[in-house]
Amino acid sequence: MSENQLYFAPMEGITGSIYRRAHHRIFGGVDRYYAPFIFTNPKGKISKKDLLEIAPEHNEGCWVVPQLLSNCAEDFIATAHTLKGLGYDEVNLNLGCPSSTVASKGRGSGFLGEKEALKAFLADIFDKTDMKISLKTRIGLNRADEFDDILDIYQAFPVEMLIVHPRIRMDYYSGKPDMEAFEKASARMPFPVCYNGDIFTAAAYGRVSEKYSDIRHWMIGRGLLSNPALCREIRGGDCASREELADYYHTIRDEYEVRLQGNKKVVFLMKEFWHYISWILSEEDRQEIDVLMHLRDGAEFFRKAEEIAANCTVVKGQGFHSEMEVHKF
Ligand SMILES: Cc1cc2nc3c(=O)[nH]c(=O)nc-3n(C[C@H](O)[C@H](O)[C@H](O)COP(=O)(O)O)c2cc1C
């Protein structure tokens, strides 16, 4: 059992309101859902598309924390103000996105390379935003030894929580998380620090949370995409059942069909869904999912996916990349 707080990581293009609602209803076990980033805007305007993701009426029952991607304090403050008007009291700043279109413009992980600008930005937003501000950070843009200077900057502000994904930008999501860097953050920061990275099974969570027993906040991304019952398992509950997976699949598929009204995009999204879920299924199911990934025709795809949903077998203890035992923590 765990008294720690467990958070669903923001995953752009995947963990939107449709996904969150279905996850919360069927599996639960998650204390907060951090929403994928939205861009800020000088007038604080939030697009209709983004509102479908973050407006409270589309997130019934879920504790959501919206995330902003910005390097302009004025835009951040205006957009945070709009979020406050929607009823939110915390906003998260993305300082980790590695994608070249984002980082090359000095946003996300790119902002970590512009330390003076980052300091001035944080001074402004902490001064003028009437909300709690949490940060989600990598440990550097190009090198892990940048992290000391980055922590010096963060330390000066009333940060609600610092979520650390201990990789540099060029690592994207591979390689071993730099636990020494994470330890530095947890030892030095005067505010709560949250660990994020490569927790793919309840066993891995058990090991890492035992090692870092003073850490109360844990964020999980790909582990939950692959095993939606992971947080429930961590809390001593059952692993996912076939019926739950089928319900999860049908709910998400049906809601995307209504929202997107175009077969192709729904097929793409549901391929991604099965790609992640395949990690917790039997070897035979994974071969079937391999076939599914190559189907282009919508009707054929949905027929095959239905077959998999009705017959698949969950293997308890498996998770994203688990058989490779990537990191033993
Ligand atoms: C497809 C994808 C989309 C992501 N989108 C976001 C995002 O919008 N905001 C963010 O802060 N991190 C984003 N991330 C990073 C995750 O939140 C998380 O930090 C990362 O996956 C490492 O955690 P994990 O090992 O538990 O998956 C994304 C990652 C992936 C793979």
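All values reported here derive from a predicted model rather than from experimental measurement.

Undergrad: Sorry, what's going on with the site of the ligand here?
TA: The environment of the ligand is made up of 18 residues, and the closest members are Pro10, Glu12, Asn196, Asp198 and Arg222. Lysine 136 places a side-chain nitrogen or oxygen 2.9 Å from an oxygen atom of the ligand. Here asparagine 196 contributes a side-chain N or O atom positioned 2.6 Å from an oxygen atom of the ligand. Isolated, the ligand exposes 610 Å² of accessible area, and the fraction of that covered by the protein chains is 89%. Residue classes in the shell around the ligand are distributed as eight nonpolar, six polar and four charged.

Undergrad: Help me understand the sheet that holds strand E4 (residues 90-95), please; the structure alone is not making it clear to me.
TA: Whenever strands of a sheet pair, they do so through backbone hydrogen bonds, lying parallel or antiparallel. If you walk around this closed barrel you meet the eight strands as E1-E2-E3-E4-E5-E6-E7-E8, and the pairing is parallel. Each strand of the sheet is rotated relative to its neighbour by a mean of 30 degrees, with strand direction disregarded. Strand direction decides the pairing type here: E4 and strand E5 (residues 132-137), joined by six bridges, are parallel. Residue pairing in the sheet places valine 91 in a bridge with isoleucine 133 of E5. Those strands touched by helix H5 (residues 115-128) are E4 and E5, and its axis lies near 175 degrees from that of E4.

Undergrad: Would you take a moment to explain the packing of aromatic side chains for this structure?
TA: Aromatic rings in a pair are described by how distant their centres are and how their planes are angled relative to each other. The tally for this structure, following the rule as stated, stands at 21 aromatic pairs. Residues phenylalanine 200 and phenylalanine 320 carry aromatic rings whose centres are separated by 5.0 Å and whose planes lie at 70 degrees to one another, so their mutual orientation is edge-to-face. Within this pair, whereas phenylalanine 200 is found in the loop between strand E7 (193-196) and helix H8 (202-211), its partner phenylalanine 320 is found in the segment after helix H14 (298-311), the two being separated by 120 residues in sequence. Residue classification places phenylalanine 200 among the buried positions, given a relative accessible area of 7%. Assessed through its relative accessible area of 7%, phenylalanine 320 is described here as buried. Sitting above the plane of the tryptophan 63 ring, arginine 32 keeps its charged end 4.8 Å from the centroid.

Undergrad: What is the right way to look at the state of the cysteines in this model?
TA: The bond known as a disulfide is covalent and runs between the sulfur atoms of two cysteines. Applying the stated criterion to the full structure yields zero disulfides. Cysteine 97 takes part in no disulfide bond, and the closest cysteine sulfur to it belongs to cysteine 72, at a distance of 18 Å. Cysteine 239 forms no disulfide, and the closest cysteine sulfur to it belongs to cysteine 312, at a distance of 11 Å.

Rules used throughout
- Residues numbered from 1 in each chain as written.
- Predicted model: local features only at pLDDT ≥ 70, side-chain atom pairs only at ≥ 80, totals over all residues.
- Heavy atoms only, no water.
- Near = heavy atom within 4 Å.
- Polar contact = N/O pair within 3.5 Å; in protein donor to acceptor, adjacent residues only side chain to side chain.
- Areas by Shrake-Rupley, 256 points an atom, 1.4 Å probe, with all protein chains shown as cover.
- Nonpolar A, V, L, I, M, F, W, Y, C, P; charged D, E, K, R; others polar.
- Pairing = 2+ DSSP bridges.
- Helix = DSSP H or I, 4+ residues; strand = E, 2+ residues; numbered from the N terminus.
- Axes fitted to C-alpha atoms, helices over the stretch in contact; angles between N-to-C directions.
- Contact = heavy atoms within 4.5 Å.
- Phe/Tyr/Trp six-rings, centres within 6.5 Å; stacked < 30°, edge-to-face > 60°.
- Buried < 20%, exposed > 50% of the residue type's maximum accessible area, 1.4 Å probe, protein only.
- Lys NZ or Arg CZ within 6 Å of the ring centre and 35° of its normal.
- Disulfide = S-S within 2.5 Å.

By themselves these figures say nothing about function.
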